[in-house]
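These are the residues of each chain, in order.
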Amino acid sequence: MTGQVRTVDGRVAGRRGQATRQKLLDCLGEMLGSSPYRDVRVIDVARRAGTSPATFYQYFPDVEGAVLELADTMAKESSSLSGLAAGRPWAGKAGWQTAEELVDGFLSFWQRNDAILRVVDLGAAEGDKRFSKIRTKVLSNLTGPLADSVKELQSKGKADPGVSPPAVAGALVSMLAAVAGQQKSVQSWGAKRSELKPSLAFLLYLGVTGRKPTR
């Protein structure tokens, strides 16, 4: 507890208030995992948390305001994604390991935060700049390091000098995000879930290096 969490009217919340606020956020997060975002109501969140709508409104202006709090926290935690790509090797077997670990880490992150990421994607698709900014923040943790990797390979003559590193990185991360959001639909594609990660790692390695991986 930091003691700096504030209520809607600007008062600093005490320890009990902070705990209540966090419980409301936790309950909202759970509800987003089982209910459509638009169907979640303040009274339902409050009841699940064992409190009242009046208490909810002390900390959040509405459900969307609380959702944005969850999304902002998730975006801050996503900074760990950069470690999956920044300064990692892309040559030979070490490069294949980088691709595998990046895919595994990214899919795991997406699965852990699936409920809030679905809401973020929905808001971004509808043109809400707040959600678009959060989505960009999450994905930029990988696009920047991947673009740097492509640039480095180009400088060493190990990648096609004619490709745009930011474009390649953006396309690859967009692919990962699109597939990550559809992990439960793999079998409907006629594929096995066990085939998903190695297939994405193959495409990622190929996209970054322009070469087939050495496994």
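Structure first, text after, so check above.
From a predicted model like this one, the values you see are computed outputs, not experimental measurements.

Draft legend 1. Expanded view of the nonpolar core. By size, the foremost hydrophobic cluster in this structure holds 64 residues, and its most contacted members are Leu 28, Leu 32, Val 67, Phe 106, Leu 146 and Leu 204. A per-element tally of this core places helix H7 (residues 129-155) first, with nine residues. When near neighbours in sequence (up to four residues on either side) are disregarded, Leu 146 contacts Ala 85, Trp 90, Leu 102, Ala 169, Val 173, Leu 204 and Val 208.

Draft legend 2. Structural context of helix H4 (residues 63-77). Its 15 residues give H4 an end-to-end C-alpha distance of 21 Å, which sits within 8% of 21 Å, the value for a rise of 1.5 Å per residue. Turning to H4, its buried residues number three or more, namely Val 63, Gly 65, Ala 66, Val 67, Leu 68, Leu 70, Ala 71, Met 74 and Ala 75. At the N-terminal end of H4, a side-chain oxygen is found 3.3 Å from the backbone nitrogen of Glu 64, two or three residues along, and the residue is Asp 62.

Draft legend 3. Highlighting the pattern of salt bridges. If you walk through the whole model with that rule in mind, you get twelve salt bridges. Notably, a salt bridge pairs Asp 114 with Arg 118, separated by 3.0 Å at the nearest N-O pair. Taken together, the residues Asp 114 and Arg 118, both in helix H6 (residues 114-125) and four residues apart, mark about one turn of the helix. When its relative accessible area of 19% is taken as the criterion, Asp 114 is described as buried. Since its relative accessible area comes to 41%, Arg 118 is described here as partly exposed. Two residues, Arg 135 and Asp 121, come together in a salt bridge whose shortest N-O distance is 2.5 Å. Of the two residues, Arg 135 sits in helix H7 while Asp 121 sits in helix H6, which places them 14 residues apart along the sequence.

Draft legend 4. Local environment of the layout of surface pockets. Put simply, the largest pocket is a space of about 450 Å³. Residue lining of the largest pocket: 20 residues in total, with Gln 22, Leu 25, Asp 26, Leu 70 and Thr 73 positioned closest to the centre. At the level of elements, helix H1 (15-32), H4 and H6 are the ones that each hand at least two residues to the lining of the largest pocket. Of the residues contributing to the lining of the largest pocket, the split by class is eight nonpolar, six polar and six charged. In terms of lining, the second largest pocket is formed by 14 residues, of which the most central are Trp 90, Ala 91, Leu 153, Lys 158 and Thr 209. Top contributing element to the lining of the second largest pocket by residue count: H7, with three residues.

Calculation criteria
- Residues numbered from 1 in each chain as written.
- Predicted model: local features only at pLDDT ≥ 70, side-chain atom pairs only at ≥ 80, totals over all residues.
- Heavy atoms only, no water.
- Core = buried A, V, L, I, M, F, W, Y, C linked by side-chain atoms within 4.5 Å.
- Buried < 20%, exposed > 50% of the residue type's maximum accessible area, 1.4 Å probe, protein only.
- Helix = DSSP H or I, 4+ residues; strand = E, 2+ residues; numbered from the N terminus.
- Contact = heavy atoms within 4.5 Å.
- Expected span 1.5 Å × (residues − 1).
- Polar contact = N/O pair within 3.5 Å; in protein donor to acceptor, adjacent residues only side chain to side chain.
- Salt bridge = Lys/Arg side-chain N within 4 Å of Asp/Glu carboxyl O.
- 1 Å grid on protein atoms, 1.4 Å probe; cavity = no way out; pocket = protein on both sides within 12 Å on 5 of 7 lines; lining within 4 Å.
- Points joined across faces, edges and corners; volume = space filled by probe spheres on them.
- Nonpolar A, V, L, I, M, F, W, Y, C, P; charged D, E, K, R; others polar.

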